[in-house]
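# Structural overview for review
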Amino acid sequence: MYKMWVAKILYYLFYAIIFFIAIIIFIEIMNIDLLKSDLGNFLINLIGKMQF
């Protein structure tokens, strides 16, 4: 039973990550300077610290 819950959590987490990436791409296409702001620097540093 727990395997089904793990599969559901991974399924929704996967789509949440894709949705988050799509929002970032949309903001960049609309030419809102997200990456040049303090929030953008914070996100870049956060992703860098995750060490994928």
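Structure first, text after, so check above.
First things first, this report covers the structure right here in the doc. Every value quoted in this text rests on a predicted model; they were computed, and no experiment measured them. (Residues numbered from 1 in each chain as written. Predicted model: local features only at pLDDT ≥ 70, side-chain atom pairs only at ≥ 80, totals over all residues. Heavy atoms only, no water.)

Further remarks concern the overall build of the chain. Secondary structure summary: the chain contains two helices and zero strands in total. Evaluated residue by residue, the chain yields a buried proportion of 4% over its 52 residues. (Helix = DSSP H or I, 4+ residues; strand = E, 2+ residues; numbered from the N terminus. Buried < 20%, exposed > 50% of the residue type's maximum accessible area, 1.4 Å probe, protein only.)

Glancing now at a nonpolar patch on the surface. The grouping of Tyr-2, Val-6, Leu-10, Leu-13, Ile-17, Phe-20, Ile-21, Ile-25, Phe-26, Ile-29 and Met-30 at the surface amounts to a nonpolar patch, some 1,200 Å² of accessible area in total. Its location among the elements puts Leu-10 in helix α1 (residues 2–29). Given a relative accessible area of 53%, Leu-10 falls into the exposed group. (Patch = residues over 30% accessible without salt bridge, like charges linked within 9 Å, V, L, I, M, F, W, Y side chains within 5 Å. Areas by Shrake-Rupley, 256 points an atom, 1.4 Å probe, with all protein chains shown as cover. Salt bridge = Lys/Arg side-chain N within 4 Å of Asp/Glu carboxyl O.)

What follows is about helix α2 (residues 38–50). Its 13 residues place the ends of α2 19 Å apart at the C-alpha level, agreeing with the 18 Å of an ideal helix rising 1.5 Å per residue. One or two residues past the end of α2 sits Gln-51, with phi positive at roughly 55 degrees. (Expected span 1.5 Å × (residues − 1).)

Applying the stated criterion to the full structure yields three aromatic pairs. Plain terms: the ring middles of Tyr-11 and Tyr-12 are 5.2 Å apart, the flat faces sit at 75 degrees to each other, and that makes the pair edge-to-face. Residue class for Tyr-11 comes out partly exposed when judged on its relative accessible area of 46%. The exposure class of Tyr-12 is exposed, given its relative accessible area of 56%. Taking the centre distance of 5.4 Å and the plane angle of 80 degrees together, the rings of Phe-14 and Tyr-15 count as edge-to-face. (Phe/Tyr/Trp six-rings, centres within 6.5 Å; stacked < 30°, edge-to-face > 60°.)

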